[in-house]
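# What the coordinates show
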Amino acid sequence: MQDGGIVTLPAGEVGPNWNYLSVEGNTVEMHNYWLLYMPEAIKSDATLTSFTPDPDLISNLSSSTDSGKLVVTVDINDKAQFNDGTPIDYRALQPIWTVMNGQSDAYTPSATDGYDKIESVEQGDNPKQVVITFSEPVFPYEPIVTQLLHPDADDPDTYQTGWNNNPHPEWGYGPYTIQDCSTSQVTFVPNPNWWGRKPKLDSIIYKQMESQVLFNAFKNGEVDATGESQAGSQEILSNFSDMSDVTIRRANSLSISNIEINMTRPVVNDIAVRKALYQCIDSATVRNVIWQGVNWDEETPGSLLLPAWADGYEDNRPDDVKNLNSADDRIAAAKQTLEDAGYTQNDDGIYEKDGQPVTFGFTTFGDSNTVKNRSAAIQKMAKDAGMDIEIDSKPSSEFSKTLTSGDWDIVLFGWVASNTYLWNAPQIYGSTSASNFTHAGSEELDEELSKIITIEDHAEQCEALNEVEKKCQQSYAFIPIFSGPDVVVTKANLANYGPALFQSLEPTAIGWQNS
């Protein structure tokens, strides 16, 4: 490896909300940024068979049982401190619990899973030791201490508005810190306060750009990789197939792309319309639009929580969807669903009821031909089934703002499985979860969802997850479409960057190989 150098990468968004722990800031890009300057204290391997503390942050991690309650003891590295000089101690885990446990309306956490089972977070034998006591067990328990947070960050006003266009580098504690930042670019440089292994690079720069700009930027050497958001589509790969100094890095994906339907909106608030849309979409056609000419094939994903390649996966889609075997079957079933609900076709072939046609919007993000073509394919499938979809195209930079605003009828985006994916059913399907953008769910389902995390046996945990997800899918508000490969095209000598399943990124290792 060389010492020094610069790596420049593309990004769909740079902020504006830098609070990764909030609903609006909980994006793939923000996760990548935080890994550099607010890194995870728990590392995982590629298939989640083990969780290991990062010794630069946590010197020891153990669990025990006291009066029937799970107790986790964390010993924090004596050298660990935030960039402003504040020691990283028990006070770095208390604010995480405060903002993530869901007990206060002052915070909008992306997920409360696990944190809502904590009873107390207290100092142990000294300030560098943390004792976490749980009201209910959490399995696996290690990820609960993945993230550290500055004690000042739990101020409600700061949480809600203080991260807007402000990444708070003084609250960082990682191998990199932020040199400068705008809504179009952020530059990370080695952190002089970092006590661990030094980074190889002089800087890592992320630049916001749309897909069409990215193609030329990579060819012209303005960026060194296509970015982690690219899905290995024919459009992406064909642009770089004639380049000799690049490599294509591909793995199974952690992302599951789905259409979510906003049940608070007119027309799509009718379960018959949602069911008809679910039935008419031929996912194989959508996948062909994206990966035609690329060596990739897959079955339609049946879960938003378990990747199809993971242990315990089941197809949890409704039977009256997954048992439809052809495009004709799907269109016929969708029409029958609408007609059974009292809809009739008008002169334009669009179903309507009580004078209201089945017309709704489809909000899309980005300017790539892949996005345009897959959206047009879904629009045609709906039209063939007697539904009128109006496409509302927005730039990628408006994704998080638009999604959290709720100002849309249906939208296609991907959930990326994290190392706590077995915890995350309440985040996606919980009726009161701020990350449930469909607003589907019930108190009864919430109770079942909350029990998954308390099951110690992995196989039984997966079984419980599959059972409740089948029930959640009966809302017809979540439509899994594709997973795809995780593909990144990079400069040939860029090292330690690219898809790695669940294996934790080692940011200090990213750099350039010697010639």
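For the structure, see preceding data.
Residues numbered from 1 in each chain as written. Predicted model: local features only at pLDDT ≥ 70, side-chain atom pairs only at ≥ 80, totals over all residues. Heavy atoms only, no water.

### A look at the overall build of the protein
For the protein, the count of helices and strands is 14 helices and 22 strands. Principal axes of the C-alpha set define a box for the protein whose edges measure 75 × 60 × 40 Å. Within the protein, the fraction of its 515 residues that count as buried is 57%. Once local pairs closer than 6 in sequence are excluded, the contacts in the protein between residues at least 24 apart make up 70%. Distance between charge centres in the protein, computed from 32 positive and 75 negative side chains, equals 5 Å. (Helix = DSSP H or I, 4+ residues; strand = E, 2+ residues; numbered from the N terminus. Buried < 20%, exposed > 50% of the residue type's maximum accessible area, 1.4 Å probe, protein only. Contact = heavy atoms within 4.5 Å. Lys, Arg positive; Asp, Glu negative; His and termini not counted. Charge placed at Lys NZ, Arg CZ, Asp CG, Glu CD.)

### Here's the deal with the side chain of S120
Tracing the chain through its elements places S120 in strand 6 (residues 118-123). A residue is classified by how much of its surface remains accessible, and S120, at 14% relative accessible area, is buried. The contact partners of S120, leaving out residues within four places of it in the chain, are W97, V131, I132 and T133.

### Re the sheet that holds strand 18 (residues 410-416)
With mixed pairing, the five strands of this open sheet are ordered in space as 17-16-18-12-19. The sheet is open, and its two borders are formed by strand 17 (388-394) and strand 19 (478-482), each paired with just one other strand. Mean inter-strand twist for the sheet, computed between neighbouring axes without regard to direction, equals 35°. Against the sheet, helix 10 (residues 369-384) contacts strand 12 (255-261), strand 16 (359-365), strand 17, strand 18 and strand 19, and its axis sits at roughly 165° relative to strand 17. (Pairing = 2+ DSSP bridges. Axes fitted to C-alpha atoms, helices over the stretch in contact; angles between N-to-C directions.)

### Some words on the environment of V487
If you trace the backbone, V487 turns up in strand 20 (residues 485-491). Residue V487 is classed as buried on the basis of its relative accessible area, which comes to 3%. Sequence spacing of V487 and I261 is 226 residues, and the spatial spacing of their C-alpha atoms is 28 Å.

### Considerations on the side chain of D89
Of note, D89 is situated in the loop between strand 5 (69-76) and helix 2 (94-100). In terms of polar contacts, D89 uses its side chain to reach the backbone amide nitrogen of R91, at 2.9 Å. (Polar contact = N/O pair within 3.5 Å; in protein donor to acceptor, adjacent residues only side chain to side chain.)

### So, helix 6 (residues 271-280)
Counting buried positions over the ten residues of helix 6 gives eight, a clear majority of the element. Within helix 6 the residues assigned to the buried category are A272, V273, R274, A276, L277, Y278, Q279 and C280. Where helix 6 begins, the capping side chain belongs to D270, and its oxygen is found 2.9 Å from the backbone nitrogen of A272.

### Section: the packing of helix 7 (residues 283-291) against helix 10
Look at helix 7 against helix 10: their axes get within 9 Å of each other, and the N-to-C directions meet at 160°. The angle between helix 7 and helix 10 places the two elements in the roughly antiparallel class. Read as a crossing pair, helix 7 and helix 10 show a hand that is right-handed. Residue-level inspection shows T285, V286, V289 and I290 of helix 7 in contact with helix 10, the latter providing T370, N373, R374, A377, I378 and M381. A class-by-class count of the residues in the contact of helix 7 with helix 10 yields six nonpolar, three polar and one charged. (Parallel < 35°, antiparallel > 145°, perpendicular 65-115°, else oblique. Left-handed = near helix turned anticlockwise from the far one by under 90°. Nonpolar A, V, L, I, M, F, W, Y, C, P; charged D, E, K, R; others polar.)

### Concerning the pairing of strand 10 (residues 203-208)
Direction of pairing for strand 1 (residues 6-11) relative to strand 10: parallel, over a ladder of six bridges. Paired with P10 across the strands is K207, a residue of strand 10.

### A word on the sheet that holds strand 14 (residues 351-353)
The strand order across the open sheet formed by three strands is 13-14-15, and the pairing between neighbours is antiparallel. Edge strands, defined here as strands with exactly one partner in the open sheet, are strand 13 (344-345) and strand 15 (356-357).

### Examining the nonpolar core
Where a protein is soluble and globular, its nonpolar side chains tend to be buried together. Membership of the largest hydrophobic core comes to 100 residues, with the highest contact counts inside it found for W18, V74, I132 and F188. Here this core takes five residues from helix 1 (residues 28-37), the largest share from any one element. Apart from the residues lying within four places of it in its own chain, the contact partners of V74 are I58, N60, L61, L93, K128, Q129, V130, I132 and V145. Residues A272, A276, Y476 and V489 belong to the second largest nonpolar core, which totals 50 residues. (Core = buried A, V, L, I, M, F, W, Y, C linked by side-chain atoms within 4.5 Å.)

### Section: the packing of helix 6 against helix 9 (residues 327-340)
One can describe the packing of helix 6 onto helix 9 by two numbers: an axis separation of 8 Å at closest approach and a directional angle of 175°. Judged on the interaxial angle alone, helix 9 and helix 6 are roughly antiparallel. On helix 9, the residues touching A272, V273, K275, A276, Q279 and C280 of helix 6 are R330, I331, A333, A334, T337 and L338. Residue composition of the contact of helix 6 with helix 9, by class: eight nonpolar, two polar and two charged.

### Looking at unusual backbone geometry
Note the cis peptide between G15 and P16, where omega equals 5°. Structurally, P16 is set in the loop between strand 1 and helix 1. Residue P140 follows F139 across a cis peptide bond; omega there is -10°. A positive phi angle, close to 75°, is found at V267, a residue other than glycine. Checked against the element boundaries, V267 lands in the loop between strand 12 and helix 6. Note on V267: relative accessible area 12%, which makes it buried. Its identity as a non-glycine residue notwithstanding, Y476 has a phi of 55°, on the positive side.

### Details of the state of the cysteines
In a disulfide, the sulfur atoms of two cysteines are held together by a covalent bond. According to the stated counting rule, one finds zero disulfides in the structure shown. In this model C462 remains outside any disulfide bridge; the closest cysteine sulfur is found in C472, 16 Å from its own. You can call C472 buried: its relative accessible area is 5%. (Disulfide = S-S within 2.5 Å.)

### Considerations on the packing of aromatic side chains
For any two aromatic rings, the description comes down to two numbers: the centre-to-centre distance and the angle of the planes. Using the criterion set out here, one finds 22 aromatic pairs in the structure. Pairing Y33 with F188 gives two aromatic rings, centres 6.1 Å apart and planes at 35°, and the pair type is tilted. A residue pair is termed long-range when its members are at least 10 positions apart, and Y33 in helix 1 and F188 in strand 9 (residues 185-190) qualify at 155 residues. Exposure class is identical for Y33 and F188. Each is buried. Each ring, one from W163 and one from W171, has its centre 5.4 Å from the other, and the planes form 70°; the classification is edge-to-face. An aromatic cluster of three or more residues is present, and its members are W18, Y33, Y37, F188 and Y206. (Phe/Tyr/Trp six-rings, centres within 6.5 Å; stacked < 30°, edge-to-face > 60°.)

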